[in-house]
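Residue-level listing of the chains:
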Amino acid sequence: MIKALQQTKNKLKVNAIIMIALVASLTVTSLFFYRNVDSQWHDYSKTAANIYVLHDKLIQKLGYGGFIHHFKNLVLRKNTDLYLPPIENELREIKEIFAKLGAIKEYDQTALIDVKKTVNEYKNNLDIVLKMIADGATSEQIDSKVKVDDTEALKALAAFEQHINLTLKEKSIAIDENFQIAYTVHVLTIILLTSILLIYFRKLSNSYKQQIELTERALEGTRIKSEFLANMSHEIRTPLNGIMGLLQILQPNIQKPKNIEVVAKALFSCRSLLTIINDILDFSKMEANELSIEQVDFSMSKVVESINSDFLPLCNEKAIELNIDIDDDVEDLWIGDPVRVRQIILNLVSNAVKFTEQGGVQIKVNKSSQSQKQGVEIEVIDTGIGMNKEGLMHLFNRFQQADNSITRRFGGTGLGMSITANLVKRMHGRIDVDSALGKGTHFTVYLPLKVSEKQHLNDSFTDVTAPDLSAKTLLIAEDNPLNTMIIKSMLAETNAELHFAKDGAEAVELFKQLNPILVLMDIQMPNMGGIEACSHIRSIDKEIPVVALTANVMKENIIEYMNCGFNGHVGKPIEKHLLFKALHDAIAVSRDELID
């Protein structure tokens, strides 16, 4: 019996050693690939951001309003004082962009060959143009000599973008492959571990109690690994919160215009990076560059009037009219995405103004319905150069315009109409165009928007001021010292008495002592997390607002927090105006008590 028991123990030891070795090796392998995925995600997001920003800047510098556009104007108008300085400045900036692209080690320089070649050809022709202008040559003679033609430039830009997209797609595929390997090993670990447990339970149930405890610990480790990607999102947003928070604190204290612009651009870059991170880590939206359409209440008249403000100076300069006609039957408030609606109208009006030399441009807004769906119909009508049938066929293609001669004369990369058509499609709308050479162009856009039930819109909180909380107490639970400093600086404007807790347990104790009017609660903290702390606070008081202040920003996270007793949510990185908005919203129920 003892011998049998000893044999059983020996088998247990051998099996345990084998199990531990297998699980450890699989765990190490799984962690290895997860770390590869982590590293590749960081590299992918950084490379994508750098390349897309530089790519868009290069297109702007080369396209409409940029180097090629000014080069054509120099040939056409022969005004060296007006056009030579921007040409030289843009050549210098284009050179800097080439250098920055060259510094990206993952970037294949062959993508720039055709673009550089095109720029060099224009540079070589510049000396010829300047000499001919000095010699008194006509624009036709200069054009005949240098043969200005954007066809190759547009092809080079198209090839440039195709190469960039292919490179990023290859990186994305490599990341997916590593993740699949890590996930397979992960699943294999669970399957192997579960199988061993079943065998042990059936044959050695009385001897395996200790082994079961070890196994439960291993399963806990497996659960932790399953949360790896969610935690990675949290860890990325935390340092980014430090950067954005410090920039927002610095922004109102900077006086020099140049420094103000630098900080503004840095904040813009942070927000751009944050957008990229959100897209990458949101596995429910794996499609690259997926664009979401908001559904909020907005004023159609304000959107259209903003277009008028943008283009009226240019129309006055060109001596053409810009008329806006909003039908009396059109309600002012609608539900949709005001930013995207404005972008659609702006692109259409921009083209109309650019291609109109005499007459004018008219914007008409009417109520309409298609397929039994109500909506708005937006018309943009111009008396410009118009298009032929062949031009209409290619109108909405990227990097193409109706005619190459249009590009030579007016410039532009041919992206505007493609973006407009894409936005209209995402809104489930329709865009039609009617045009003829020499007779102008008539665009008609139908958007199936719903009329808002609101009678008026509340003032936007994008420039909200801090609430006056003088002589009031706020409790903030935050374990990160840098975040604590940022929150303290942001809330200084409220004049509130601020108390900080380093974990949930301390927050509960301070809540009992201080009786604050509001609690800002981080979620992931040592000793006691935010959810547990909120539960304890709710057992003490069910009315005091508790707002989650966390880098966990997924929709399911927010729903969970609301179900646990939180009254609001502010995501990290913290946007100052959104923090103030959350304060306004959370204390609205007791606003009368806050006003002296």
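Residues numbered from 1 in each chain as written. Predicted model: local features only at pLDDT ≥ 70, side-chain atom pairs only at ≥ 80, totals over all residues. Heavy atoms only, no water.

1. Focus: the overall build of the protein chain
To be explicit about the condition: Counting from the N terminus, the helices are the DSSP runs of H or I reaching at least four residues and the strands are the DSSP runs of E reaching at least two. Whether a residue is buried, partly exposed or exposed follows from its accessible area with a 1.4 Å probe, protein chains only, as a fraction of its type maximum: under 20%, in between, or over 50%, in that order. Note on contacts: a residue pair is in contact if any heavy atoms of the two residues lie within 4.5 Å. To be clear on the numbers: accessible area is Shrake-Rupley with a 1.4 Å probe, and residue cover counts the displayed protein chains and nothing else.
Within the protein chain one finds 20 helices and 13 strands. Classification of the 596 residues of the protein chain by burial places 42% in the buried group. In the protein chain, of all internal contacts separated by at least 6 residues, the share reaching a separation of at least 24 is 74%. Total accessible area on the protein chain is roughly 32700 Å²; 53% of this is exposed by carbon and sulfur atoms.

2. Observations concerning unusual backbone geometry
Across the junction of K572 and P573, the peptide omega takes the value 0 degrees, indicating a cis bond. Relative to the helices and strands, P573 is located in the loop between β13 (568-571) and α19 (576-586). Backbone geometry at A319 places phi at a positive 60 degrees, although glycine is not the residue there. With respect to the element layout, A319 can be found in the loop between α10 (300-318) and β2 (321-326).

3. Re the packing of helix α2 (residues 67-77) against helix α5 (residues 139-146)
Formally: Interaxial angles span 0 to 180 degrees and are taken between N-to-C directions of axes, which are lines fitted to C-alpha atoms, for helices over the stretch in contact. Oblique is the label for any angle not covered by the other classes, which are roughly parallel (under 35 degrees), roughly antiparallel (over 145) and roughly perpendicular (65 to 115). Under the scheme applied, nonpolar residues are Ala, Val, Leu, Ile, Met, Phe, Trp, Tyr, Cys and Pro; charged residues are Asp, Glu, Lys and Arg; polar residues are all the others, including Gly.
Packing of α2 against α5 brings their axes to within 7 Å, and their N-to-C directions diverge by 135 degrees. If you check the angle between α2 and α5, you find them oblique. Facing V75, L76 and R77 of α2, the residues of α5 in contact are S139, I142 and D143. Here the contact of α2 with α5 is built from residues that sort into three nonpolar, one polar and two charged.

4. A closer look at the sheet that holds strand β1 (residues 296-299)
Basically, it comes down to this: Criterion used throughout: strands pair if DSSP finds at least two bridges between them.
With antiparallel pairing, the three strands of this open sheet are ordered in space as β1-β3-β8. Sheet topology places β1 and β8 (450-451) at the edges, where each strand pairs with a single neighbour. Relative to β8, strand β3 (residues 333-336) runs antiparallel, the two being bridged by two bridges. Its bridge partner being in β8, I335 is matched across the sheet by K450. Lying over the sheet, α10 contacts β1 and β3, oriented at roughly 55 degrees with respect to β1.

5. Here we look at the pairing of strand β11 (residues 518-521)
Keep this limit in mind: We call a crossover right-handed when, viewed with both strands directed away from the observer, the connection leading from the first strand over the helix to the second proceeds clockwise.
In β11, alternate side chains face the same way, and those of L518 and L520 on one face and V519 and M521 on the other are all buried. Looking at chain direction, strand β9 (residues 473-477) and β11 are connected through four bridges and run parallel. The partner of A477 across the bridge, within β11, is M521. The β-α-β motif built from β11, the intervening helix α17 (residues 530-540) and the parallel element strand β12 (residues 546-550) has right-handed crossover chirality.

6. Details of the nonpolar core
The condition that has to hold: Nonpolar cores are built from buried Ala, Val, Leu, Ile, Met, Phe, Trp, Tyr and Cys residues. Side-chain atoms within 4.5 Å join them into one set.
Of all hydrophobic cores here, the largest spans 35 residues; its most connected members are M300, V341, I344, I345, L348, V349 and L447. When contributions to this core are tallied by element, the ones reaching two or more residues are α10, α11 (338-354), β4 (360-370), β5 (373-382), α14 (416-426) and β7 (440-447). The element contributing the most residues to this core is α11, with seven residues. Excluding residues that lie within four positions of it along the chain, L447 makes contacts with V341, I344, G375, V376, I378, V424 and M427.

7. Looking at α2
Of all eleven residues making up α2, nine are buried, and the element is well covered by its neighbours. Restricting attention to buried positions, one finds in α2 the residues F67, I68, H69, H70, F71, K72, N73, L74 and V75.

8. A short note on the environment of A471
When you line up the elements, A471 lands in the loop between β8 and β9. When the C-alpha atoms of A471 and T494 are compared, they prove to be 9.9 Å apart, with 23 residues separating the residues in sequence.

9. Looking at a negative patch on the surface
Convention followed: Patch construction takes residues with relative accessible area above 30% that form no salt bridge. Like charges are linked within 9 Å, and nonpolar side chains (Val, Leu, Ile, Met, Phe, Trp, Tyr) are linked within 5 Å. Salt bridges, as used here, are contacts in which a Lys or Arg side-chain nitrogen is within 4 Å of a carboxyl oxygen on Asp or Glu. Only four residue types enter the tally: Lys and Arg on the positive side, Asp and Glu on the negative side; His and the chain ends are excluded. Charged groups are reduced to one reference atom each: NZ for lysine, CZ for arginine, CG for aspartic acid, CD for glutamic acid.
Together, D325, D327, D328 and D329 make up a region of like negative charge exposed at the surface. Structurally, D329 is set in the loop between β2 and β3. D329 gets classed as exposed once you look at its relative accessible area, which sits at 58%.

10. Focus on the pattern of salt bridges
Scanning the entire structure with this criterion turns up ten salt bridges. The residue K576 makes a salt bridge to E493 at a minimum N-O spacing of 2.3 Å. In this pair, K576 sits in helix α19 while E493 sits in the loop between α15 (481-491) and β10 (497-501), placing the two residues 83 residues apart along the sequence. Residue K576 is classed as buried on the basis of its relative accessible area, which comes to 17%.

11. Regarding the environment of L62
Secondary-structure assignment places L62 in helix α1 (residues 2-62). A relative accessible area of 6% means that L62 is categorised as buried.

12. A word on the confidence of the model for the protein chain
Low-pLDDT stretches of the model should not have their predicted coordinates read in fine detail. This is how it is decided: Think of pLDDT as the predictor's per-residue confidence, scored from 0 to 100.
Residues at a pLDDT of 70 or more form 70% of the protein chain, whose mean pLDDT is 76. In this model, residues 1-5 is a region of pLDDT below 50 whose contacts with residues beyond four sequence positions or in other chains number zero contacts. Every residue in residues 279-290 scores below 50 in pLDDT, and together they form 14 contacts with partners more than four places removed in sequence or on other chains.

13. Structural notes on the sheet that holds β5
Judged by pairing direction, the sheet is mixed, and its five strands sit side by side in the order β2-β4-β5-β7-β6 without closing on themselves. Single-partner strands in this sheet number two, and they are β2 and β6 (430-436). Ignoring which end each strand starts from, the neighbouring axes of this sheet average 15 degrees apart. For β6 and β7, the ladder comprises seven bridges, and the chain directions are antiparallel.

14. Here we look at the state of the cysteines
Note the threshold: In plain terms, two cysteine sulfur atoms within 2.5 Å form what is called a disulfide here.
Counting across every chain of the model gives zero disulfides. For C534, which is in no disulfide, the shortest distance to another cysteine sulfur is to C564 and amounts to 7.1 Å.

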